[in-house]
Amino acid sequence: MWNADSEQTETTFFDLGDNTALVCVDHQQYQKVIVPQLIYMTYKVHLGLYEEDVELKLMTYDYEVVIVYENFKGTTLQTNPILAELSRRPDTQRRQHFVVLISHRFATNDAMSAFVHSVDQVINITDLANLKPVLRRGVTQHRELYNSFNEMLKSVQSL
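In what follows, the accompanying structure is described.

Moving on, we get to the layout of surface pockets. Quantified by volume, the largest pocket comes out at close to 440 Å³. Elements with a minimum of two residues in the lining of the largest pocket: helix H3 (81-88), helix H4 (91-94), helix H5 (111-116), strand S7 (121-124) and helix H6 (131-158). Element by element, the count of residues in the lining of the largest pocket is highest for H6, at six residues. Classifying every residue of the lining of the largest pocket gives nine nonpolar, seven polar and six charged. In this structure, the second largest pocket encloses a volume near 270 Å³. Glu 64, Arg 95, Gln 96, His 142 and Arg 143 are, among the 13 residues lining the second largest pocket, the residues nearest its centre. It is H6 that provides the largest number of residues to the lining of the second largest pocket, a total of six residues. Of the residues in the lining of the second largest pocket, the class split is four nonpolar, five polar and four charged.

See the structure below:
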């Protein structure tokens with residue numbers, strides 16, 4: 001979990017009902033803007049610092065929000081291992097995450113770019129200071145959409 005004093009991560013277990021976030025951003029200056037806003041929004045935050053670490057965390061925890069930097073560890077959108085891993089997950093697992101792409105190229109809330117890259121929301125680097133309201137709106141819309149879907153799915157499965 002993010003420790004504001006030492007600016008390092010520590011292993012923290014989540015309790016049932018916690019708001020959880022995984023931040024896959026390898027630039028400290030971006031982390032320093034993103035993580036405090038997530039904490040203010042009552043998220044318990046883990047940092048994913050390298051590919052194997054992120055894969056292990058995704059297998060171990062159910063994160064509500066996963067934030068991925070498009071150039072994580074020098075990759076491109078096409079070679080980003082985190083985005084590839086998330087897209088390989090079964091639909092039922094994938095729908096549990098609200099995936100945010102942090103981008104230099106795409107505009108904030110560009111729905112077509114989000115769709116093309118299999119994420120739920122795009123936030124441009126220049127809008128990181130506004131992450132909190134943008135993310136809050138996106139997560140709320142996501143919950144409303146999938147809440148109805150999941151209720152319908154439960155109804156159909158019970159037949």
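Resuming the write-up.
The next thing to look at is the pairing of strand S3 (residues 19-24). Of all six residues making up S3, five are buried, and the element is well covered by its neighbours. Judged from the five bridges that link them, S3 and strand S4 (residues 43-47) form a sheet pairing that is parallel. Its bridge partner lying in S4, Thr 20 is registered against Lys 44. Tracing the backbone out of S3, into helix H1 (residues 28-40) and back to the parallel element S4 gives a crossover that is right-handed.

What follows concerns the pairing of strand S5 (residues 65-69). The buried count for S5 comes to five of five residues, which makes it a mostly enclosed element. Of the two faces of S5, the one holding Val 65, Ile 67 and Tyr 69 and the one holding Val 66 and Val 68 are both buried throughout. Bridging between S3 and S5 involves four bridges; their strand directions are parallel. Counterpart to Val 23 in the pairing with S5 is Ile 67.

Taken in spatial order, the five strands line up as S4-S3-S5-S6-S7 in an open sheet, and their pairing is parallel. The sheet terminates laterally at S4 and S7, the two strands that pair on one side only. The average angle at which neighbouring strand axes cross in this sheet is 20°, direction not considered. Running over the sheet, helix H2 (residues 51-60) touches S3, S4 and S5 and is turned about 160° from S3.

This part is about unusual backbone geometry. Glycine aside, negative phi is the norm for most residues, and most peptide bonds take the trans geometry. Look at Thr 42: it is not a glycine, yet its phi comes out positive at around 70°. If you trace the backbone, Thr 42 turns up in the loop between H1 and S4. Assessed through its relative accessible area of 53%, Thr 42 is described here as exposed.

Cut-offs applied
- For every chain, the first residue of its written sequence is number 1, and the numbers climb from 1 along that sequence.
- Local features in a predicted model are, by the rule used here, given only for residues with pLDDT of at least 70; side-chain atom pairs are given and counted only at 80 or more, and totals for whole chains, interfaces and linings are based on all residues.
- Water and hydrogen atoms play no part in the side-chain values, which are based on all heavy atoms of the structure.
- Of the grid points, spaced at 1 Å and generated over the protein atoms alone, those admitting a 1.4 Å probe that cannot get out make up cavities, while open sets with protein on both sides within 12 Å along at least five of seven lines make up pockets; any residue with an atom within 4 Å of a point is treated as lining.
- Grid points are joined across faces, edges and corners, and a volume is the space filled by probe spheres set on the points.
- Working definition: helices are DSSP H or I runs of at least four residues, strands are E runs of at least two. Numbering for both runs from the N terminus.
- In this count, Pro and Cys sit with the nonpolar residues alongside Ala, Val, Leu, Ile, Met, Phe, Trp and Tyr, while Asp, Glu, Lys and Arg are called charged and the others, Gly among them, polar.
- Exposure classes here rest on a 1.4 Å probe applied to the protein chains alone. A residue is buried below 20% of its type maximum, exposed above 50%, and partly exposed in between.
- Should DSSP find at least two bridges between two strands, the strands are regarded as paired.
- Clockwise travel from the first strand over the helix to the second, with the strands pointing away from the viewer, marks a crossover as right-handed.
- For helices, the axis comes from a line fit to the C-alpha atoms of the stretch in contact; other axes are also lines fit to C-alpha atoms, and the angle between any two N-to-C directions lies between 0 and 180 degrees.
- Should any heavy atoms of two residues lie within 4.5 Å, those residues are considered in contact.

Everything listed here is a matter of geometry and, on its own, says nothing about what the molecule does.
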